[in-house]
Amino acid sequence: MNAGQIQEVALRREDKSLSDSALTRSEGARHFIDVNDVEKWFGQLQVLKGINFEVTQGQVVALIGPSGSGKSTMLRCLNFTEQYDSGEIWIDGETVGYRFDGQGRRTVRPESEIARFRSHVGIVYQSYNLFPHISVLKNIMLAPVKVLGHSKTKARETAMDLLAKVGLSEKADAFPINLSGGQQQRVAIARALAMEPKIMLFDEVTSALDPELVGEVLNVMRQLAADGMTMVVVTHEIQFAREVADKVIFMDHGVIVESGVPSEVLDNPKTERLQSFLQRHFDSRS
Amino acid sequence: MDILIDAFPYLAKAAFQTVWLSVATILLATAVGSVLGVMSVLYKHVFGPLISVYVFLIRGVPILVLIFVAYFSFPTFGLYLNDYVAVLLVLVFYGAALISEIVRGAILAVPYAQTQSAQGLGLRRWQIMTYVLLPQALRSCIPPLLNNYVHLVKCTSFVSVVGVWELTLAAREVTERTGAPFTILLTVMLFYYAICYPMAKVGRRLERNLGSSEEAL
């Protein structure tokens, strides 16, 4: 299966979820992803202070900012592995994690709904987190078989196609422990893609890699973006953001400081905070 | 020596009884303990506190007292169980508490990142348990399980105090009849040793093997 087909399947699934969902809809959902006034606290510390942004279908959005700016937390809220304390997140016409009654009250969705929602949203983490007890092939096949109910034959075919796509066909029967970091991360991407997601979330996926392995992972992501996948990417790779992203969002201390197209945000930063962030970044790279 | 030759078949038969009691205890306690261990993780808020109280109680009371409770107090509630069933219940009750703690600990020792990435793929809670957490937990819980099995085998000797016939009770009978405690008890020790030593040995070996592959991770 090539990426075009993946996107096509994703679109079909999206139609399905639109038609069969009896879930609340409101004015909140104007874009593919809508983040409205999201706030989050860790105890006394407010890590997200009213975040607003939107992502349209096929867009690649890069979240940049210093450590502790809240960008990873924001990303994890998008697939509800972090809960948010107020505001609303809409993805593809559904509110994420909670149901809202329109009068300011909300209830957590049942586990089955959250799991179904997450199956449409692929996420890749900094530390790959492959399942160490099963082979690379089985890592990729597990969720399609158990969650989507695909036959093993079909899941194996898809998995082999995806492995070819990330350039790791010969590693199908290897165990994660025998792969390099870059290879593990590419398997993790293939594992997420096997679910035919509508959106891919990337959480600093190259930060744990040796410098010479970063390129192979970025190449896979570049390809994915070119194929039209909707992506939200938390990254420290400013160069990559400039090249691939349609929109860059700079966060600091739990607020969005600047956002816009890369040429505008990265080349002509308006705020002093972004200027010094970029300055520090390029100083450390040169 | 003649005494030993005369008594040996009797003791061997008793040893078989001990093996039977041990196997039944180990199988049932493992089944019950694993279920309790899994439940206390999966339904932390509902079963967690209940199971903690149970484990705490069992740990805080000598097994001998539990055996007395089952043997003497069940009948006062109108519950007349076969002697073997009564003591087996206590042994399973006791063993399951220890095993549930081992299983729970092994599951919780699997890094949370594994759960997180399984959630990200849309797997349900019980699927994550079955396909991701338990297979990984199994590796780390086999060595402590075997150590506990050895402990449970030795615990079966306690049932002799309420007159349930097995190796220890048979040994007492024979020593009283023959007046040769040293020879007989030495033989009994060898029987227990023969049952427990292989288990301890296997446990030790697995501990080493699994330990080293764990490091490689």
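Residues numbered from 1 in each chain as written. Chains lettered and ligands numbered in written order. Predicted model: local features only at pLDDT ≥ 70, side-chain atom pairs only at ≥ 80, totals over all residues. Heavy atoms only, no water.

Where do I start with the overall build of chain B in this structure?
Check the secondary structure of chain B and you find 8 helices and 0 strands. Ordered by position from the N terminus, the helices and strands of chain B form the series α-α-α-α-α-α-α-α. By its C-alpha atoms, chain B is 70 × 45 × 25 Å across when sized along the principal axes. Counting all 217 residues of chain B, 45% fall into the buried class. Of the roughly 11,600 Å² of accessible surface on chain B, a fraction of 70% belongs to carbon and sulfur atoms. (Helix = DSSP H or I, 4+ residues; strand = E, 2+ residues; numbered from the N terminus. Buried < 20%, exposed > 50% of the residue type's maximum accessible area, 1.4 Å probe, protein only. Areas by Shrake-Rupley, 256 points an atom, 1.4 Å probe, with all protein chains shown as cover.)

Help me understand the domain arrangement of chain A, please; the structure alone is not making it clear to me.
In many analyses, interface size is given as the accessible surface area lost on bringing the parts together. All names here are of chain A. With domains assigned, chain A is organised as domain 1 (49-81 + 199-285) and domain 2 (129-197). Centre-to-centre, using C-alpha coordinates, domain 1 lies 26 Å away from domain 2. Listed per partner, the contact involves 14 residues of domain 1 and 12 residues of domain 2. The contact between domain 1 and domain 2 buries some 1,000 Å² in all, and 75% of this surface belongs to carbon and sulfur atoms. The largest share of the area that domain 1 buries against domain 2 comes from Met200, Glu216 and Val220, three residues that together contribute 40% of it. Along the contact surface separating domain 1 from domain 2 lie 2 salt bridges. (Domains from an automatic or database assignment. Contact = heavy atoms within 4.5 Å. Buried area = accessible area lost by both parts, 1.4 Å probe. Salt bridge = Lys/Arg side-chain N within 4 Å of Asp/Glu carboxyl O.)

I tried to follow the UniProt feature "domain: ABC transporter" (unreviewed entry) in chain A on my own but got confused; where do I start?
In the numbering used here, UniProt assigns the feature "domain: ABC transporter" (unreviewed entry) to residues 33-278 of chain A. Across residues 33-278 of chain A, the secondary structure splits into 37% helix and 27% strand, with the terminal C-alpha atoms separated by 27 Å. (UniProt positions renumbered as here; feature names shortened; annotations may be inferred.)

In this structure, what is going on with the sheet that holds strand β3 (residues 60-64) of chain A? I would like to understand it.
Across a sheet, paired strands are connected by hydrogen bonds in the backbone, their directions being either parallel or antiparallel. Residue and element names in this part refer to chain A. Pairing within the open sheet is mixed, and its 6 strands lie in the order β8-β9-β10-β3-β11-β12. Single-partner strands in this sheet number two, and they are β8 (121-124) and β12 (255-260). This sheet shows a mean twist of 15° between the axes of neighbouring strands, independent of strand direction. Of the strand pairs in this sheet, β3 and strand β10 (residues 230-234) are connected by 4 bridges, and their pairing is parallel. For Val60, the partnering residue across the bridge sits in β10 and is Met231. (Pairing = 2+ DSSP bridges. Axes fitted to C-alpha atoms, helices over the stretch in contact; angles between N-to-C directions.)

I would appreciate a short explanation of the UniProt feature "domain: ABC transmembrane type-1" (unreviewed entry) in chain B in the present structure.
Under the UniProt annotation, "domain: ABC transmembrane type-1" (unreviewed entry) lies at residues 15-203 of chain B. Note that residues 15-203 of chain B is 81% helix and 0% strand, and that its end C-alpha atoms are spaced 22 Å apart.

Is there a simple way to explain the packing of helix α6 (residues 181-193) of chain A against helix α7 (residues 211-226) of chain A in this structure?
All names here are of chain A. α7 packs onto α6 with a crossing angle of 20° between their chain directions and a minimal axis gap of 8 Å. Looking at the two axes, α6 sits roughly parallel to α7. Crossing handedness for the pair α6 and α7: right-handed. Of α7, the residues touching α6 (which contributes Gly181, Gly182, Gln183, Gln185, Arg186, Ile189 and Leu193) are Leu213, Glu216, Val217, Val220, Met221 and Leu224. Here the contact of α6 with α7 is composed, by residue class, of 7 nonpolar, 4 polar and 2 charged. (Parallel < 35°, antiparallel > 145°, perpendicular 65-115°, else oblique. Left-handed = near helix turned anticlockwise from the far one by under 90°. Nonpolar A, V, L, I, M, F, W, Y, C, P; charged D, E, K, R; others polar.)

For this particular structure, what's the right way to read the packing of helix α4 (residues 83-108) of chain B against helix α6 (residues 125-155) of chain B?
Packed helix pairs are characterised by how far apart their axes lie and by the angle those axes make with each other. Residues and elements named next belong to chain B. At a minimum axis distance of 8 Å, the contact between α4 and α6 shows a crossing angle of 145°. Handedness of the crossing formed by α4 with α6: right-handed. Here the contact of α4 with α6 is composed, by residue class, of 17 nonpolar, 4 polar and no charged.

What is the right way to look at the interface of chain A and chain B in this model?
Taken together, the contact pairs 24 residues of chain A with 19 residues of chain B. Summed over both sides, the interface of chain A with chain B buries roughly 2,000 Å², with 62% coming from carbon and sulfur. Linking chain A with chain B are 1 salt bridge. Here Arg124 of chain B and Glu111 of chain A are joined by a salt bridge, their closest N and O atoms 3.1 Å apart. On the surface where chain A and chain B come into contact, there are 8 residue pairs in polar contact (both at pLDDT 80 or more). Residue assignment for the side of chain A that touches chain B shows that the elements contributing at least two residues are α3 (111-119), β8, α4 (136-146) and α6 of chain A. In terms of residue count, α3 of chain A provides more of the side of chain A that touches chain B than any other element does, 5 residues in total. The class makeup of the residues in the side of chain A that touches chain B is 13 nonpolar, 6 polar and 5 charged. (Polar contact = N/O pair within 3.5 Å; in protein donor to acceptor, adjacent residues only side chain to side chain.)

Could you clarify how one ought to interpret the pattern of salt bridges in this entry?
Opposite charge on two side chains makes pairing possible when the charged atoms of those side chains draw close. Residues and elements named next belong to chain A. Enumeration over the complete set of coordinates arrives at 17 salt bridges over all chains. In this structure, the salt-bridge partner of Arg105 is Asp101, at a minimum N-O distance of 3.1 Å. The salt bridge partner of Arg273 is Asp252, with a shortest N-O separation of 3.4 Å. Placement of Arg273 in helix α10 (residues 272-285) and of Asp252 in strand β11 (residues 247-252) is noted, with a sequence separation of 21 residues between them.

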